[in-house]
Amino acid sequence: MSTRHQVRETIVGFLYAQDVGNDSIEKFRDEIFEEKKIRNQQKEFAVALYEGILNNLNDIDKAINRYLKEWELEKVGAIERALLRLGAYELLYTKTDSAVVINEAIELAKELGNDTSSKFVNGVLDSIKKSIA
């Protein structure tokens, strides 16, 4: 059985793959979930996250862009963009505690991004959190 952290990591992978041009990743979603042992409630959580992000992508990107000081979302690295989209979605559209959302995003940024990814992701997501508090 997978953890929510592993689910989020998988969703970041899906978002990254789509972002870099692998539009067919959706076709393999269930196979990937099964391979990663994402089942039952965790699968429901994963599907809700993924579909929620895709269904609200324009609004999520607008929210992120408001807090990118010297950047545009299109110029942010694909991993960081995926992490920001996941974190922003959870902050804006779910009841998950904001501290959990931001901590998860930071941990994933440390695992998947470069040396500055975690600070960057933390800063943007913290700004979004403060705007909705």
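Let me begin by describing the structure that accompanies this report. (Residues numbered from 1 in each chain as written. Predicted model: local features only at pLDDT ≥ 70, side-chain atom pairs only at ≥ 80, totals over all residues. Heavy atoms only, no water.)

**A closer look at the packing of aromatic side chains**
Item 1. Tallying each qualifying case throughout the model produces 3 aromatic pairs.
Item 2. Judged by centre distance (5.3 Å) and plane angle (20°), the rings of tyrosine 89 and tyrosine 93 are stacked. A residue pair is termed a helical-turn pair when its members lie 3 or 4 positions apart in one helix, as tyrosine 89 and tyrosine 93 do in helix 5 (residues 78-93) at 4 residues.
Item 3. Given a relative accessible area of 10%, tyrosine 89 falls into the buried group.
Item 4. Following the ring pairs from residue to residue traces out a cluster consisting of Phe14, Phe33 and Tyr50. (Phe/Tyr/Trp six-rings, centres within 6.5 Å; stacked < 30°, edge-to-face > 60°. Helix = DSSP H or I, 4+ residues; strand = E, 2+ residues; numbered from the N terminus. Buried < 20%, exposed > 50% of the residue type's maximum accessible area, 1.4 Å probe, protein only.)

**A closer look at helix 3 (residues 40-55)**
Item 1. Look at helix 3: 22 Å from first C-alpha to last across 16 residues, which is about the 22 Å you get at 1.5 Å a residue.
Item 2. All of the buried residues along helix 3 are Gln42, Phe45, Ala46, Val47, Leu49, Tyr50, Gly52 and Ile53.
Item 3. For helix 3, the secondary structure elements touched by its buried residues are helix 1 (4-19), helix 2 (29-35), helix 4 (57-65) and helix 5. (Expected span 1.5 Å × (residues − 1). Contact = heavy atoms within 4.5 Å.)

**What to know about helix 5**
Item 1. Taking 1.5 Å per residue as the helical rise, helix 5 with its 16 residues ought to reach 22 Å, and the 22 Å between its terminal C-alpha atoms agrees with that figure.
Item 2. With 14 of 16 residues buried, helix 5 lies mostly within the body of the structure.

**Topic: the pattern of salt bridges**
Item 1. On inspection of all chains with the given rule, the structure shows 12 salt bridges.
Item 2. Taking the shortest distance from any N to any O, the salt bridge between arginine 81 and aspartate 19 comes out at 2.5 Å. Of this pair, arginine 81 sits in helix 5 while aspartate 19 sits in helix 1; the two residues are 62 residues apart in sequence, bridging distant segments of the chain.
Item 3. Since its relative accessible area comes to 11%, arginine 81 is described here as buried.
Item 4. Between lysine 130 and aspartate 126 there is a salt bridge; the shortest N-O distance is 3.1 Å. Residue lysine 130 and its partner aspartate 126 are both found in helix 7 (residues 117-132); the two are separated by 4 residues, about one turn of the helix.
Item 5. On the basis of relative accessibility, which here comes to 21%, the residue aspartate 126 falls in the partly exposed class.
Item 6. A single salt-bridge network, built from bridges that share partners, covers Asp19, Asp61, Arg81 and Arg85. (Salt bridge = Lys/Arg side-chain N within 4 Å of Asp/Glu carboxyl O.)

**Re empty space enclosed by the protein**
Item 1. According to the stated counting rule, one finds 1 cavity of 30 Å³ or more in the structure shown.
Item 2. Taken together, Arg8, Leu83, Leu86, Gly87, Glu90, Val101, Glu104, Ala105 and Leu108 make up the full set of residues lining the largest cavity.
Item 3. Listing elements by their share of the lining of the largest cavity, those giving two or more residues are helix 5 and helix 6 (98-112).
Item 4. Across the lining of the largest cavity, the residue classes break down as 5 nonpolar, 1 polar and 3 charged. (1 Å grid on protein atoms, 1.4 Å probe; cavity = no way out; pocket = protein on both sides within 12 Å on 5 of 7 lines; lining within 4 Å. Points joined across faces, edges and corners; volume = space filled by probe spheres on them. Nonpolar A, V, L, I, M, F, W, Y, C, P; charged D, E, K, R; others polar.)

Note that every value here comes from positions in space, so none of it alone points to a role or purpose.
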